[in-house]
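As a plain string of letters, each chain reads:
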Amino acid sequence: MSKIKLILADDHSLIRAGFRTLLGKNEAFEIVGEATDGQDLVKMAHNIEHDVILTDITMPGQGGLDAMEQLKKENPYFKFIVLTMHEEREYVLRAIKIGAQGYLLKNIENAELAKAIKTVYDGGKYFSPFVVNLLAENYGKPEALETSEVTPREKEVLQFVAKGFSTKQIADELGISIRTVESHRINMLKKLRVSNSAELIKKAIKLNLID
Amino acid sequence: MENYFYRTQKNLIFLFGRTDFLEKTDAIADIEKHKVYLDDHQKSELNNIGSLYDFDNIIIADNHLNSIYSLNTDTAFLKEFTLARADSLKALNKDFVYFDASIYDHYGQPVLLYIIPLHSKKDPLHPGGFIVIKEHFSKFQKILYERTGMGTTGESYLVASDKRMRSVSRFFPDSPPLKINVNSEAVSNVFKEKEGGHVLQDYRNVKVLSAYRKLNFDLPWAIISEIDYHEAVKPINQLKNYIIVITVVLILVILIVTYFISNAISNPILYLKDIIMSLSKGVVPESPIKSKGNDEIAQITEATRQLVEGTKRTTEFAHQTGAGNFDATFTTLSDEDTLGLALLSMRDKIKMLQEREVRLVREKASALLEGQENERKRFVRELHDGIGQLLTVVKLRLDAMDAKDKEKQEEKQEVLDLVNNTIGEVRRISYNVMPSVLVDFGLEAGLRGLCDNVKKYSRLNIEFTYIKETDKPLSFEVSVPVFRIVQEGLNNIIKHAKATDVYLDVMEQEEYLYLKLKDNGIGFNKADVIKRGGFGLTSMNERAKLLNGELHIESIHGEGTVTELEIPLNRE
């Protein structure tokens, strides 16, 4: 059985050395290339025959995600595992959006790393449990509240929003500050579980809050 | 008077000179014999003449003036007269003579006689007799009265050269005229051939206004008209008084009118003078200036009013500019309003300078903060890339290390946990110093991460809502300060608020960003906090100000705190 060929992209030589040591113990893997930045990685991915690319995000010059995006555009069959210290949702979502098959944190256990590489190599996807938690968080929002919770003042603001008035115009019209208008607007967005004014108006019409 | 005498004389000469009457000169011889031959016709003619002319008596007398025939019996005076004048009668050569007898008749009247000599043909040189006519004196009195309308004290009277009166005195009507001796200046003048009028003492020694002249006649008489000086000058005095009164009234009227006119003229001028004086001292009058009418003064007043208004506006403008209100505008008084133009250019210069200063201060502060943020970024990179990576390497190496027995295995796991915790701590620190997601993904990601971090390390329940109603990206220059403000706010909540729930709402519109951070904590007294210089409120405010934003914090004791932030966005 041939070894799974890996390209490792990280700007820190110590990290590369660490992973080399870690992966070198496993006979299933072979590191065929080590890139120090995004540009390096793009070059290497084209020139060196490989199976899976392990890349960090933050690197000098072109970052890992940018390099991945470029490579994915050229060849969607490149397989990527993001190996990073970033655990914020934005990085995860962007990586997934670009087409990363895996997303791991650098403090990953040896065994899990091996499992992830193998899964991706076999055409699957592997995400750490924290990534799954992140993705699951956005689901299961409760439905809109009772319309009676919308106050008369908020309804008043709503009428003007529906007419296309700007916040400044509404503030002038009602003789209140921009702050107050925005406070009302946000409260309504939250009460009706919508994320912008357009959705707010749609929902308000549906709930007969405005004509 | 003279007219009367002339007429009488003429008539008498005519009457008695007629042939038929004078034919009787033949009778003169008889007269000498004291016999008169008068037929009835002649007698009645004499009678007619006497009554026609109202003579006292007509007497035919001999050459010694002895009455031969008379109309009435009043002939006694003749003797007295004859005694005095007999000589002068003998050589009488005239046809007609007056005689002032200077005596009284028995009525007490002066006797005035007209004597017409009768000449015989035999002796034409000497009259053989006379026709003596006694004049009725009351006629003169009447003439005098007719001519005299001289008030209550005026009279005209006749005085003969013997200085005795011939007419009845008004003042002494019962006294015979001849008894009244008129020894006044008027009489002495008149018989010295002087005529005229004077103020002098009359025969009563009363001060009179006297006019006198000698009668232009054979008799040595003078006519004197006099009126008491007092009465004569009375109308003059009255007139004088009138004139004085009128003059005084006129002067008063003129004074009053002049006063008002001069007031009307000088008051506005003085008023204007005061205004201009005060203007010259740099004081702009407060009260409004009124101008009435349309005359020159009103025009000057109007001009001054415009000057004052202009100065007021200029001053007000300068004042406002001085107070730093550079939005104050000013319409120059004219195209050549040097002061106004200078002020405008001054305002523009000051405004420019002020804006430059504000900009410089802001740039400086903003450069300082930017430097700080850059420093943080660099520091985070060091932390993250240096220590963080090193720790990761340590962890990798540790992980790769074989641990044979169970005890070693546990020890290795402990160290691994320690390293993992350290990595987590470094992550937390570096996030607080400068979150990479803020740099890479913007404000929403940064704030979400911040909230996640706070949730993770505190027991706060944070509800984060970010509404972005525009496609345009938010610049890093805005994101970082806003992030810091929220960071500071959350810090305060964690440290002081004792809250359980926190709400962070952000509304990003195209032209501004609105942010509300609300907690249900214990609240605080803003004044106290500011006095203690605490909670990083100053730095929050400072950052908001650098973004031209408004930070509004409202805290109710026991109910929590609401921090609102409003930032205008100038996206390019």
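Computed from a predicted structure; not experimentally measured.

Colleague: I'd like a rundown of the overall build of chain A, residues and numbers included.
Modeller: The helix and strand inventory of chain A stands at ten helices and six strands. Relative to its full complement of 211 residues, chain A shows a buried share of 49%. Taking all contacts inside chain A whose residues are at least 6 apart in sequence as the whole, residues at least 24 apart take part in 61%. For chain A, the computed accessible surface area is about 10200 Å², with 50% contributed by carbon and sulfur atoms.

Colleague: Kindly report on the sheet that holds strand β8 (residues 207–214) of chain B, identifying the contributing residues and their values.
Modeller: All names here are of chain B. The strand order across the open sheet formed by four strands is β6-β9-β8-β7, and the pairing between neighbours is antiparallel. The two strands at the open ends of the sheet, each matched to only one other strand, are β6 (155–160) and β7 (196–201). Within the sheet, the average angular offset between the axes of one strand and its neighbour, ignoring direction, is 30 degrees. Looking at chain direction, β8 and strand β9 (residues 221–228) are connected through seven bridges and run antiparallel. Bridge pairing in β9 links S210 to E226. On the sheet, helix α8 (residues 229–280) packs against β7, β8 and β9 and is oriented at approximately 55 degrees with respect to β9.

Colleague: Could you give an account of a negative patch on the surface, naming the residues involved and the relevant values?
Modeller: Taken together, the side chains of E109 of chain A together with D405, E407, E410, E411, E414 and D417 of chain B define an acidic patch exposed on the protein surface. Checked against the element boundaries, E414 of chain B lands in helix α11 (residues 406–433). On the basis of relative accessible area, E414 of chain B is assigned to the exposed category, the value being 57%.

Colleague: Before we move on, could you go through the packing of α11 of chain B against helix α13 (residues 443–457) of chain B and cite the residues and values that matter?
Modeller: Residues and elements named next belong to chain B. Between α11 and α13, the least distance of the axes is 11 Å, while the angle of their chain directions is 135 degrees. As far as their axial angle goes, α13 and α11 are oblique. For the element pair α11 and α13, the recorded crossing hand is left-handed. In contact with G424, R428, Y431 and N432 of α11, α13 contributes A445, G446, G449, L450, N453 and Y457.

Colleague: Please set out the confidence of the model for chain A residue by residue, giving values where relevant.
Modeller: On average, residues of chain A score 85 in pLDDT, and 94% of them are at 70 or above. Per-residue pLDDT, averaged within each element of chain A, yields its smallest value for helix α6 (residues 129–137) of chain A (82) and its largest for strand β3 (residues 52–55) of chain A (93).

Colleague: I'd like a description of the pairing of β9 of chain B, backed by residues and values.
Modeller: All names here are of chain B. For β9, the buried fraction is high: seven of the eight residues fall into the buried class. Relative to β9, β6 runs antiparallel, the two sharing six bridges. The residue bridging V159 from the neighbouring strand is A222, located in β9. A loop of six residues connects β8 with β9, the two strands running antiparallel in sequence.

Colleague: Just give me the short version of the packing of aromatic side chains, but keep the residues and values in it.
Modeller: This model, assessed by the stated rule, comprises twelve aromatic pairs over all chains. Seen from their ring centres, Y4 of chain B and F5 of chain B are 5.9 Å apart, and the 65 degrees between their planes marks the pair as edge-to-face. Judged by its relative accessible area of 13%, Y4 of chain B is buried. A residue is classified by how much of its surface remains accessible, and F5 of chain B, at 0% relative accessible area, is buried. Through successive ring pairs, a cluster of aromatic residues spans Y4, F5 and W221 of chain B. Sitting over the face of the ring of Y121 of chain A, K79 of chain A holds its NZ or CZ atom 5.9 Å from the ring centroid.

Colleague: Pulling in residues and values, what's your account of helix α2 (residues 38–47) of chain A?
Modeller: All names here are of chain A. Along α2, the residues classified as buried are G38, L41, V42, M44 and A45. Tucked into the core, α2 has its buried residues touching β1 (4–9), β2 (29–35), β3, α3 (64–74) and β4 (80–84). Looking at where α2 begins, the residue whose side-chain oxygen comes 3.2 Å from the main-chain nitrogen of Q39 is D37.

Colleague: I'd love a proper account of the interface of chain B and chain A, names of residues and values included.
Modeller: At the junction of the two partners, chain B supplies 43 residues and chain A supplies 37 residues. Carbon and sulfur atoms make up 56% of the surface buried where chain B meets chain A, a total of about 3700 Å² over both sides. Interface area lost by chain B to chain A is led by L396, R427 and F441 of chain B, which between them contribute 16%. At the boundary of chain B and chain A, one finds nine salt bridges. The partner of E550 of chain B in a salt bridge is R179 of chain A, and the shortest N-O contact between them spans 3.3 Å.

Colleague: So what's going on with the side chain of E154 of chain A? Residues and values would help.
Modeller: Residues and elements named next belong to chain A. Assignment of secondary structure puts E154 in helix α7 (residues 152–162). One polar contact links E154 to K191, side chain to side chain, over a distance of 3.0 Å. With residues near it in sequence (within four places) discarded, E154 still touches E149, H184, N187, M188 and K191.

Colleague: Lay out unusual backbone geometry in plain terms, naming residues and giving numbers.
Modeller: Glycine aside, the phi torsion of most residues is negative, and most peptide linkages are trans. All names here are of chain B. Even without glycine at this site, N205 takes up a positive phi of about 65 degrees. One can find N205 in the loop between β7 and β8. For K498, which is not glycine, the phi torsion reads 55 degrees and is therefore positive. With respect to the helices, strands and loops of the structure, K498 is situated in the loop between α14 (476–497) and β11 (501–508). Note on K498: relative accessible area 68%, which makes it exposed.

Conventions we followed
Residues numbered from 1 in each chain as written. Chains lettered and ligands numbered in written order. Predicted model: local features only at pLDDT ≥ 70, side-chain atom pairs only at ≥ 80, totals over all residues. Heavy atoms only, no water. Helix = DSSP H or I, 4+ residues; strand = E, 2+ residues; numbered from the N terminus. Buried < 20%, exposed > 50% of the residue type's maximum accessible area, 1.4 Å probe, protein only. Contact = heavy atoms within 4.5 Å. Areas by Shrake-Rupley, 256 points an atom, 1.4 Å probe, with all protein chains shown as cover. Pairing = 2+ DSSP bridges. Axes fitted to C-alpha atoms, helices over the stretch in contact; angles between N-to-C directions. Patch = residues over 30% accessible without salt bridge, like charges linked within 9 Å, V, L, I, M, F, W, Y side chains within 5 Å. Salt bridge = Lys/Arg side-chain N within 4 Å of Asp/Glu carboxyl O. Lys, Arg positive; Asp, Glu negative; His and termini not counted. Charge placed at Lys NZ, Arg CZ, Asp CG, Glu CD. Parallel < 35°, antiparallel > 145°, perpendicular 65-115°, else oblique. Left-handed = near helix turned anticlockwise from the far one by under 90°. pLDDT = per-residue confidence, 0-100. Phe/Tyr/Trp six-rings, centres within 6.5 Å; stacked < 30°, edge-to-face > 60°. Lys NZ or Arg CZ within 6 Å of the ring centre and 35° of its normal. Polar contact = N/O pair within 3.5 Å; in protein donor to acceptor, adjacent residues only side chain to side chain. Buried area = accessible area lost by both parts, 1.4 Å probe.

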